[in-house]
Each structure stands twice: as structure tokens, then as C-alpha cells.
Amino acid sequence: MASNNVMIVRHRLLEKLVALWKEDQLIEKIDRVPLEFSPRRSQPVGRCCIHKERAVTKYKSLPLLGWDMSDETDELTPLSEYARQALERRNKLKENILCVIDEACSSCVQVNYEVSNLCRGCVARSCYMNCPKGAVHFDKKTGQAHIDHDTCISCGICHKSCPYHAIVYIPVPCEEACPVKAISKDEYGVEHIDESKCIYCGKCINACPFGAIFEISQVFDILQRLRNKEKMIAIVAPSILAQFSAPVESVYGAIKAMGFEEIVEVAQGAMETTRREAEELKEKLEEGQPF
């Protein structure tokens with residue numbers, strides 16, 4: 001279920017691309033999708049202009065087609081070319097599961113600390129005295145502190161030392177949501193995901209207010225295999241039934257109608273693992289091995 005407008009837009013875009021695929025018009029019509037999502041006279045939502053909005057829609061289509069930003073070698077390559085390559089792709093799936101759309105990742109704060117109007121211009125000046133970079137200065141008229149963001153390294157020492165709690169911490173949503181600190185800004189101010197740390201929990205996807213983080217989808221790889229009548233087995237989580245207001249027969253029936261040979265719950269694998277582990281334990285105990 002979509003919990004905010006970012007998810008609604010994401011679902012609309014995927015729905016549109018799949019509909020074009022179903023009509024055998026994905027390659028022919030995908031280049032016009034950004035224009036359809038952002039008509040000429042529409043007001044851009046959260047972007048500087050309509051052209052930026054269309055560019056973001058274009059680049060959000062790439063991970064839905066199974067690509068990421070690193071696959072773009074020429075900015076003038078149309079979406080239709082990426083769609084053609086996606087439909088012809090055979091077992092060349094990307095290793096990374098998540099990607100950041102740099103065109104969309106541009107509106108979050110570049111620094112994490114700011115002085116609020118709660119600053120009393122105190123004599124102690126703990127923020128100034130403890131700053132390792134000398135980034136804190138004072139207004140000559142009001143005596144209030146301010147931070148030179150070109151010098152600030154966002155260490156947070158001023159925030160901790162202020163007796164009035166006048167220096168506020170401004171989080172970057174995706175960074176704050178990541179439980180393993182796998183996401184951070186690169187030298188261009190764009191978020192970067194460290195694949196060696198990422199556990200693919202997806203929290204950054206839900207946290208990003210601009211929808212800049214995407215899962216690299218394999219939807220069209222699966223759809224093409226189904227269209228080619230290849231044997232495919234759908235391995236679904238038991239929670240899939242909670243996502244639809246329909247009986248299990250209807251949900252599983254719809255999946256089979258798509259062309260899947262069989263449907264197996266992930267939980268069945270867990271049950272089989274438990275059974276095998278129990279047999280192994282029984283054998284070891286019978287041999288006299290310690291529990």
C-alpha cells in the first residue's frame with residue numbers, strides 16, 4: 001500500500017511501463033512517458049522546472065527497467081534504447097540491488113547543523129571554543145552565533161556543547177534511516193550507497209522524500225520469460241495475502257494466470273530447512289555427539 005505521494009508516483013510509473021509492455025508498445029512509446037507524467041502546463045512538484053521534473057521521470061524509469069545511473073554513457077540515449085536492451089537482456093542482471101537517482105537527489109540539506117534563534121549570544125561561547133575548524137562566528141550587532149557552512153564538517157561538537165540547545169541537528173532522511181550507516185554524500189553532495197555495508201533493508205527507499213532511491217527491478221526480465229513460455233515458479237512471502245482484499249484462491253489464481261508454473265511460499269523453505277536440521281540433530285544425538 002502506498003504510504004505517501006512518492007510511492008504513488010513510483011507505482012504509477014511502473015504500472016504505465018508494464019501496461020506498455022503488455023500492449024507491445026514499450027519501445028515505441030516509452031520516450032513520451034516523462035511528457036505524459038509532466039504535461040507542458042502542469043506545475044512541477046518539488047522541482048525547479050518542468051524540464052527537471054521530466055528528467056527525473058526519465059531516470060526513475062531506468063531502475064524499473066533493470067538499469068542504474070552507471071549504465072548511462074550518453075545523456076542523449078533515449079529511454080526506448082534502454083527498454084530495447086532490457087527486453088533483449090539474458091541473465092545479465094546487475095549485482096547491486098539499490099541505486100540513487102542523482103537527478104532527484106538534490107534538495108536535502110548539505111550540512112547537518114544550524115544555529116536557531118534560541119541563541120542568546122552568551123559569554124561562555126562554548127560552540128566557538130570547542131569547534132575544531134573555527135566554523136562558528138558571531139554577529140557584531142546581535143551577538144548571536146552562526147556557522148560558516150563552507151568550513152563546517154558537521155561533527156556536532158557545537159550542538160553538544162551549547163547550553164541553550166540553540167544549535168539544531170538537521171538530519172538527512174535516508175542517512176538517518178539506515179541502520180548500518182551505509183549511505184552518505186559523495187563529493188558532489190549526492191547520496192552514495194556503500195554496497196559492502198548495505199543489508200538491503202529498504203529503509204532508505206521509504207525515507208527519501210524525493211523518491212531518489214530505487215530498487216533495481218527485474219520485472220521485465222520476468223515478464224519476458226513468461227511471454228516466452230519459460231517455466232517460472234513464483235516464490236512468495238505469506239504476507240502477500242495481506243496486501244489484497246481477496247481470498248487466497250483469487251490471489252494465487254491471478255499469479256498463475258500470469259503464466260507461473262507453480263506458487264511456493266517462502267515459509268515452505270523454512271519448514272523444509274527445519275525438518276532437515278531436525279533429522280541431522282537426531283542422527284548426531286544417536287551417535288553420541290553432544291547437543
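The shown structure was predicted, so the numbers you read here are calculated from the model rather than taken from an experiment.

### Thoughts on a nonpolar patch on the surface
- Judged by side-chain polarity, I233, I235 and V266 come together as a nonpolar surface patch covering roughly 280 Å² of accessible area.
- By the secondary structure assignment, I233 is in strand β9 (residues 233-236).

### Quick look at the packing of helix α1 (residues 5-22) against helix α4 (residues 50-64)
- The geometry of α1 relative to α4 is characterised by a closest axis approach of 10 Å and an angle of 65° between their N-to-C directions. Accordingly, the angle class assigned to the pair α1 and α4 is roughly perpendicular. Crossing handedness for the pair α1 and α4: right-handed. Of the residues in α4, those in contact with L13, L14 and L17 of α1 are T57, K60, S61 and L64.

### Examining the nonpolar core
- One finds L26, I30, L65, I213 and F220 to be the most contacted residues of the largest nonpolar core, which totals 44 residues.
- The set of elements that each furnish at least two residues to this core consists of α1, α3 (33-37), α4, α5 (79-88), β1 (98-100), α9 (203-207), β8 (213-215) and α10 (219-227).
- Discounting residues that sit within four places of it in the chain, L65 has contacts with L26, I30, L79, Y82, A83, A86, R89, S217 and F220.
- Counting 15 residues, the second-largest nonpolar core is a separate cluster that includes Y113, C131, C158 and I167.

### Focus on the confidence of the model for the protein chain
- Scored by pLDDT, the protein chain comes out at a mean of 91, with 97% of its residues at no less than 70.
- Taken element by element, the predicted model of the protein chain shows its lowest mean pLDDT in strand β6 (residues 183-185) (90) and its highest in helix α2 (residues 26-29) (97).

### Some words on the environment of D24
- One can find D24 in the loop between α1 and α2.
- Residue class for D24 comes out exposed when judged on its relative accessible area of 51%.

Parameters and conventions
- Each chain has its residues counted from 1, following the order in which its sequence is written.
- Side-chain atom pairs in this predicted model are given and counted only at pLDDT of 80 or more, local residue features only at pLDDT of at least 70, and totals for whole chains, interfaces and linings cover all residues.
- By convention in this description, side-chain values take in all heavy atoms of the structure and omit both hydrogens and water.
- For patch detection, residues must exceed 30% relative accessible area and be free of salt bridges, and they are connected within 9 Å for like charges or within 5 Å for nonpolar side chains (Val, Leu, Ile, Met, Phe, Trp, Tyr).
- To measure how exposed things are, a 1.4 Å probe is used in the Shrake-Rupley method; for residues, cover is taken only from the protein chains shown.
- Only one rule defines a salt bridge in this text: a Lys or Arg side-chain nitrogen within 4 Å of an Asp or Glu carboxyl oxygen.
- The way it works is that DSSP assigns letters per residue, a run of H or I at least four long becomes a helix, a run of E at least two long becomes a strand, and they are numbered from the N terminus.
- Each axis is a line fitted through C-alpha atoms, taken for helices only over the stretch in contact, and angles between the N-to-C directions span 0 to 180 degrees.
- Our angle categories are set so that under 35 degrees counts as roughly parallel, over 145 as roughly antiparallel, 65 to 115 as roughly perpendicular, and the remainder as oblique.
- For any helix crossing, the convention is left-handed if the near helix is rotated counterclockwise from the far helix by under a right angle, and right-handed if that rotation is clockwise.
- Contacts are assigned to residue pairs that have any heavy atoms within 4.5 Å of one another.
- The criterion is simple. A nonpolar core is a set of buried Ala, Val, Leu, Ile, Met, Phe, Trp, Tyr and Cys residues joined through side-chain atoms within 4.5 Å.
- The rule is simple: take the accessible area with a 1.4 Å probe, protein chains only, and divide by the maximum for that residue type; under 20% is buried, over 50% is exposed, in between is partly exposed.
- pLDDT is defined as a per-residue confidence score from the predictor, taking values between 0 and 100.

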